[in-house]
Amino acid sequence: MEQQVDIEKLQNLASQVRRDVLRMVHAVQSGHPGGSLGCTDYFVAMYNEIMDYKVPFNPDGIGEDLFFLSNGHISPVWYSTLAHAGFFDVSELATFRKIDSRLQGHPATEEGLPGIRVASGSLGQGLSVAAGAAQAKKLNDDNHTVYVLMGDGELQEGQVWEAAMYASHHRIDNLVATVDYNGQQIDGPTKDVMDLADLKSKWESFGWSVVESNGNDMDSIVKAMKHAHSLTRKGRPVVNLMSTEMGFPIDFMVGTHKWHGVAPNDEQLEQALGQLEETLGDY
Amino acid sequence: MKFSFTEKKDTRSGFGDGLLEAGKQDERIVALCADLTGSLKMGAFQNEFPERFYQTGIAEANMMGLAAGMTIGGKIPFTGTFANFSTGRVYDQIRQSIAYSGKNVKICASHAGLTLGEDGATHQILEDVGMMKMLPHMTVINPCDYNQTKAATLAVAKHEGPVYLRFGRPKWPVFTPEDQTFEIGKAIKMIEGSDVTIFATGHMVWYAIEAEAKLEEMGINAEVINIHTIKPIDREAIIESVKKTGCAVTAEEHQINGGLGESVASVLSRELPAPLEIIGVNDSFGESGKPEELLAKYGLSPEAIVEAAQKVIKRK
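Residues numbered from 1 in each chain as written. Chains lettered and ligands numbered in written order. Predicted model: local features only at pLDDT ≥ 70, side-chain atom pairs only at ≥ 80, totals over all residues. Heavy atoms only, no water.

### Things to note about the packing of aromatic side chains
- According to the stated counting rule, one finds 21 aromatic pairs over all chains in the structure shown.
- Residues A:Phe57 and A:Phe87 carry aromatic rings whose centres are separated by 6.4 Å and whose planes lie at 70° to one another, so their mutual orientation is edge-to-face. In this pair, A:Phe57 sits in the loop between helix 3 (40-50) and strand 1 (66-69) while A:Phe87 sits in the loop between helix 4 (75-84) and helix 5 (126-139), placing the two residues 30 residues apart along the sequence.
- A residue is classified by how much of its surface remains accessible, and A:Phe57, at 23% relative accessible area, is partly exposed.
- Residue class for A:Phe87 comes out buried when judged on its relative accessible area of 10%.
- Relative to B:Tyr207, the ring of B:Trp172 has its centre 5.5 Å away and its plane inclined at 45°; by these criteria the two rings are tilted. Of this pair, B:Trp172 sits in strand 8 (residues 171-173) while B:Tyr207 sits in helix 9 (residues 204-217), and the two are 35 residues apart along the sequence. Here the two residues B:Trp172 and B:Tyr207 agree in accessibility, since each one is buried.
- An aromatic cluster is defined as three or more aromatic residues linked by ring pairs; in this entry it consists of A:Tyr42, A:Phe43, A:Tyr47, A:Tyr53, A:Phe57, A:Phe67, A:Trp78 and A:Phe87.
- Sitting above the plane of the A:Tyr283 ring, A:Arg23 keeps its charged end 4.5 Å from the centroid.
- Of note, B:Arg52 hangs over the ring of B:Phe49, and the distance from its end group to the ring centre comes to 4.0 Å. (Phe/Tyr/Trp six-rings, centres within 6.5 Å; stacked < 30°, edge-to-face > 60°. Helix = DSSP H or I, 4+ residues; strand = E, 2+ residues; numbered from the N terminus. Buried < 20%, exposed > 50% of the residue type's maximum accessible area, 1.4 Å probe, protein only. Lys NZ or Arg CZ within 6 Å of the ring centre and 35° of its normal.)

### Some thoughts on the interface of chain B and chain A
- Residue-level contacts link 28 residues of chain B with 31 residues of chain A.
- Taking both sides of the interface into account, the surface hidden between chain B and chain A amounts to around 2300 Å²; carbon and sulfur atoms contribute 53%.
- Summed over the three residues of chain B that lose the most area to chain A, namely B:Ile72, B:Gln96 and B:Tyr100, the buried surface amounts to 29% of that side.
- Here chain B is connected to chain A by zero salt bridges.
- Between the two partners, chain B and chain A, sit 17 residue pairs in polar contact (both at pLDDT 80 or more).
- Where the side of chain B that touches chain A is concerned, the elements lending two or more residues are strand 3 (53-55), helix 4 (60-71) and helix 6 (91-100) of chain B.
- Looking at the side of chain B that touches chain A residue by residue, the classes come out as nine nonpolar, 13 polar and six charged. (Contact = heavy atoms within 4.5 Å. Buried area = accessible area lost by both parts, 1.4 Å probe. Salt bridge = Lys/Arg side-chain N within 4 Å of Asp/Glu carboxyl O. Polar contact = N/O pair within 3.5 Å; in protein donor to acceptor, adjacent residues only side chain to side chain. Nonpolar A, V, L, I, M, F, W, Y, C, P; charged D, E, K, R; others polar.)

### A closer look at the nonpolar core
- In terms of nonpolar packing, the biggest core is built from 75 residues, with A:Phe68, A:Leu127, A:Leu175 and A:Trp203 touching the most fellow members.
- Here this core gets seven residues from one element, more than from any other, and that element is helix 4 of chain B.
- Here this core spans two domains, since at least three of its residues come from each of domain 1 (8-173) and domain 2 (188-314) of chain B.
- Discounting residues that sit within four places of it in the chain, A:Leu175 has contacts with A:Leu127, A:Ala130, A:Ala131, A:Ala134, A:Val146, A:Val148, A:Ala167, A:Trp208, A:Pro237 and A:Val238. (Core = buried A, V, L, I, M, F, W, Y, C linked by side-chain atoms within 4.5 Å. Domains from an automatic or database assignment.)

### Quick word on the domain arrangement of chain B
Residues and elements named next belong to chain B.
- The domains assigned to chain B are domain 1 (8-173) and domain 2 (188-314).
- Between the C-alpha centres of domain 1 and domain 2 there is a distance of 25 Å.
- Contacts between domain 1 and domain 2 engage 34 residues on the former and 34 residues on the latter.
- For the domain 1 and domain 2 pair, buried surface summed over both sides reaches about 2600 Å², with 58% attributable to carbon and sulfur atoms.
- Considering only the side of domain 1, the residues that lose the most area to domain 2 are Leu-114, Leu-126 and Trp-172, jointly responsible for 26% of the buried surface there.
- Across the contact surface, domain 1 and domain 2 share zero salt bridges.
- Where domain 1 touches domain 2, the interface holds 26 residue pairs in polar contact (both at pLDDT 80 or more).
- Residue contributions to the side of domain 1 that touches domain 2 peak at four residues, all from helix 7 (residues 128-134).

### Concerning the pattern of salt bridges
- Per the counting criterion, the structure on display carries 29 salt bridges over all chains.
- For the salt bridge of A:Asp282 with A:Arg23, the shortest nitrogen-to-oxygen distance reads 3.8 Å. Placement of A:Asp282 in the segment after helix 10 (266-273) and of A:Arg23 in helix 1 (residues 7-28) is noted, with a sequence separation of 259 residues between them.
- On the basis of relative accessible area, A:Arg23 is assigned to the partly exposed category, the value being 22%.
- Each of B:Lys189, B:Glu192, B:Glu223, B:Glu240 and B:Lys244 takes part in salt bridges that share partners, so that together they form one network.

This is the structure we're talking about:
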């Protein structure tokens, strides 16, 4: 029988991760809060409910699920989630984007931050890497799943569609991609900058199974990712089109591209933290 | 002539045969190819190990990402396409997903340089060595003939870390031993000499050997050193030879900017200032033509090496 998911516990953790994100970005007055806040529920769900992974970190990733972040600029949410999952000490979050830190502005592997397997930041490359890792799992008879998160804006990169075509051609069915479908990018709404049009049809026509979800509802995202996982090993790669709101749930940040890469000032930080319950203690 | 040959074979076949043998030796080896299996001579590997061969279609950026991802399961991926599409087209993918990420990917690049011939400048990349050697942690290798390319491929398979392995299209003299060992980063002294050192890489090693014979007829005693590994460069071999000869010529089938000559110049200027002449393509694209015609037109010939040697000796 499937274990009951403790949604409230996940929501509490998500609240703490969002506090971390805001404090990290505020401390160095640089970083990307909007997308990080919008994807927090997804990260918390993945690392606390969906994925089967090993701590301490195992670079080869054999015998466990793998996660890749293609839109590397939302590193704060990943770093906080990894720290709370036990990959490194939560206090290290205070070094984000500072000199000599393992928490680079965009994820890197050169300094070996546990939990991260490939650098990302230059957009459009994550799906290719994930597809390669998924094929290596097949060669190794490793019955685990590879997950990758992409921004919707980065679907404008041609490489994403090279990888999408490849994954279905080679029947990479142990791969679940998620698109952070917030409709925003640096220069404005995606529909104005470079319209993605009908993403569902696009992925379907590339031979993928498509799941749709609300990424800012913990119950919905947990169910969607479990459903996505249930569609694996059926001959097709799976994509989850995850609707989110950039900046969620901070009232003055929500639903605009303006907080894509802008840090809150002291007053805005206090205002935002006031909207998020402290559940585990700040780093 | 201190070296001779009985047959001509293409260096890309050395790669293909080396890849097959490496695949037999180590089952972690996988190969990816972007619709150029025949050109890269990867067909034998594909036939022998179909489950370890991945056709990517004409999508080089994706191929580089796939290769990076495969290393995470402990695989040793060899990517294959033309040198042009192995470097410039996918520089950012190599930079982020492979080099910066420290991935054990072998980027194997055929049809490098002018000797691609008739296809012309769009395909004759002369900038690839420069691009690849600028990437931190990237090893850059340009072997000289079939046997050495095969040996290099086997050595690369055992080496941990990203490698750029560059080879060519035309049939070229096979003059190095079949049973050679290949040590990455260790230059090979082909001919001992005392008046001038010729440092050559790739196809140009054979021309350096021909140039040495011509110089000998003129009473000039040249040393010929095969720099198959451009990065890391063998500083000791360069310094030791130039200490003895007092001057040097470099020869490569690549743009002067960013090539072997500049690597040698960098070593010499810092550690042993000495006159140096650089043979390479001088800030130009190539054009269509027969390989040998092109090499001659762009100043890459045994005669050009001889002239450069005479000139550099006078500058001592």
